[in-house]
Every structure is written in C-alpha cells, then in structure tokens.
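Overview (structure and organization)
As a plain string of letters, each chain reads:
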Amino acid sequence: MRCARIWRRLAHFVVVSASLLPAWLQAESVVWKVSKDQDYLYLAGTVAILPEREFALPAAIEAAYHKTNRLILEVQLPQSPDAQSMLTLLQALHYSQGQQLLPLLTAETRQQLQQHLLAAGVDLLQLNDYKPAMVTVQLLAIEKQRLQLSGFAVAEHLAAQARKEGRVIDYLESFEQQLQLLATLGQGYEEEFIRASLLQAERFASDYHRQLDAWHSGDLDQLAPLLHWWQQNDSVTYQRMFCQRQQHWIDRINTFFDNGYQELVLLDVLHLAGEQGILAQLQAQGYRVTPLTQPD
C-alpha cells in the first residue's frame, strides 16, 4: 500500500500571457482533434486526481475513447509496484557517497522547510539523504492530504478500462526516463528548487482548483498564470518539466499518424496550454486542431 501511495505522489508531481492564446484554446472542450490529411488522433486534457464526487468522465473523453483503438499515456509506471520497483525508485532518489541535501540549503530555507514538514508530523532529517525531488513529493502529498484528495486519476481510470478490453496502450515516456528526470530535478540549483517547492505547496489549493476549473471548461486560458508562475519562480525546472519534455512528446506524437491506429493521447491540461504547449506546437507544425465539443 505504501508503495502505491508513493507512485501516485510521483505521478502527480510529474505538472504566458493569456491574451496571446489562440481562440481554439479557449473552447469549451477537454478534448481536441488533431488532423493531418485524412488521419487524426485525439488529445484529451486530464488532471492528476479528481475528487470522488466527480467520478464520471466528460462526454467528450468517453466519445474520443470509443472512437479510438490505442491509448497513449504520459508515463509508464508499474501497475502494481513491488519491492524491486520500490527499491529502484528509492535508489534513484537517494544520494550516494555521503552527500546530503540540507548543507546545500540556506539556514532560512532549512528553517522554513522544517516548519512546514513538522506541522504535518514529518521530520526533515528523514529527507536529508534524499535528492530534492523527494522533498517536493512529500510537500505536495501533505497538501493533497489537507485537501482530502483521495479520488481517482483520469489516466489511471481509462488505462484500467483499456487493459480490461485488451486495448493497445503506449507511453510517451518510459519508467527509466521518468526516474532519470526525477533523480536530477533540483540538482545544482537546490536552493532555488526547494524555495519554489515551498511556494508551490502554499499555492497548492488555489492552483489545484484552477486546474480543475480549466479541465471542466476546456478553457486553457485559465492556466496561463500557473505557467507564468513556473517560468518566473523556477525557470530551470519549467524548462525541464515542460519545454524539453513537450518537445520530446511532439516528436513521438508525429509518429502516430499513418501508422494504422487511431490514438487517444492523455496529457495533463498544463501541458496543453500556452504558446509552448502541445496544442500550439502541433498547430504551428501545420496540423488542424479543433475542439471536440460534440461527439463527431
């Protein structure tokens, strides 16, 4: 059970000027049809976790799912984390050769971090031997608990349905790629990373509801302040978590055309928004991008 909780925390951690967003990004849809000649795929926005009261998926996602025969998820994670996968995870996030996190932080940041963790009954010293990403995972887990978020993830729900039906599932990132990203986040800029993580924890409730509202309405315009905040407060992580990954994903998505499948690609709504988001990049490459407001 503890392994599963940590995997969910990691999956959740792995999240512009509004006036510059094109009109199609502000449509009332959570699904977009991306077309090239006669071929097409669907891109659906998701949120990491939904409240239990919102178990029903939007009709547009259901419609897109039933019109496709291949499901594409962001990251491949073990379905049932075992002892070996847990050990691999902890080894990737654990410092080696006696290095520790706290000496890399200023006294002020250490104090703020300690106060935040102690309020939730977590001892900062327990995280001293771990890399910065583990601290962020813990901070976000505390905030999720405060909001009593114990619902389900959209991607996990559809993946379970696809497996039951024997549908083909693929991923934009492998388990190994995700581990490498997590293991190196914050390294070399530990102070900036942890301070941004503390600010992110303070903003968690408002940011979560903003993402949920954007997901309900399909109005990605609402997410511009969140992306702008990342750019301003932790530009290195923003480049790695968003820009670099999204460019890799675009290269993968390009291979999904003329391959004999019809794909439904599930991405966190933050990766769809903004001038550097997936939808804008695909349109810039000449694809037709239209919101799926009604089942077509």
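Residues numbered from 1 in each chain as written. Predicted model: local features only at pLDDT ≥ 70, side-chain atom pairs only at ≥ 80, totals over all residues. Heavy atoms only, no water.

On to the pattern of salt bridges, then. Evaluation of the coordinates by the stated rule reveals 8 salt bridges. Of the charged contacts, one joins Arg-70 and Asp-170 as a salt bridge, the two residues approaching to 2.7 Å between their closest N and O atoms. You can see Arg-70 sitting in strand E3 (residues 70-75) and its partner Asp-170 sitting in strand E4 (residues 168-173), a full 100 residues away along the chain. Across the pair Arg-167 and Glu-165 runs a salt bridge whose closest N-O atoms are separated by 3.5 Å. The buried category is assigned to Arg-167, whose relative accessible area is 18%. Connected through shared salt-bridge partners, Arg-70, Asp-170, Arg-252 and Glu-263 make up one network. (Salt bridge = Lys/Arg side-chain N within 4 Å of Asp/Glu carboxyl O. Helix = DSSP H or I, 4+ residues; strand = E, 2+ residues; numbered from the N terminus. Buried < 20%, exposed > 50% of the residue type's maximum accessible area, 1.4 Å probe, protein only.)

One open sheet accounts for 6 strands, arranged E4-E3-E5-E2-E1-E6; its pairing is mixed. Taken across any chain shown, the strands that pair with only one partner, and hence form the sheet edges, are E4 and strand E6 (288-291). Sheet twist, expressed as the average angle between the axes of neighbouring strands with direction ignored, equals 25°. When strand E2 (residues 39-46) meets strand E5 (residues 263-268), the two strands line up parallel, connected through 5 bridges. By the bridge assignment for E5, Tyr-42 is matched with Leu-264. Contacts from helix H6 (residues 154-165) reach E2, E3, E4 and E5 within the one sheet, and its direction differs from that of E3 by about 140°. Across the sheet, helix H10 (residues 235-254) touches E2, E3, E4 and E5, and the angle it forms with E4 is around 145°. (Pairing = 2+ DSSP bridges. Axes fitted to C-alpha atoms, helices over the stretch in contact; angles between N-to-C directions. Contact = heavy atoms within 4.5 Å.)

This brings us to the packing of aromatic side chains. A full pass over the atoms with the stated rule returns 7 aromatic pairs. Note on Tyr-40 and Tyr-42: the rings are 5.5 Å apart at their centroids and 70° apart in plane angle, and the pair reads as edge-to-face. Tyr-42 matches Tyr-40 in its accessibility class, with the two residues each being buried. With 6.0 Å between their ring centres and 85° between their planes, Tyr-189 and Phe-193 make a pair best called edge-to-face. Each member of the pair Tyr-189 and Phe-193 is classed as buried. Stacked on the ring of Tyr-40, the Lys or Arg Lys-33 has its end atom at 4.4 Å from the ring centre. The ring of Tyr-65 has Arg-167 sitting right over it, with the charged end atom 3.8 Å from the ring centre. (Phe/Tyr/Trp six-rings, centres within 6.5 Å; stacked < 30°, edge-to-face > 60°. Lys NZ or Arg CZ within 6 Å of the ring centre and 35° of its normal.)

Positive phi is not limited to glycine here, since Gln-97 has a value of about 55°. The exposure class assigned to Gln-97 is exposed, which follows from its relative accessible area of 83%. You will see that Asp-258, though not glycine, has its phi angle at about 60°, which is positive. Its location among the elements puts Asp-258 in the loop between H10 and E5.

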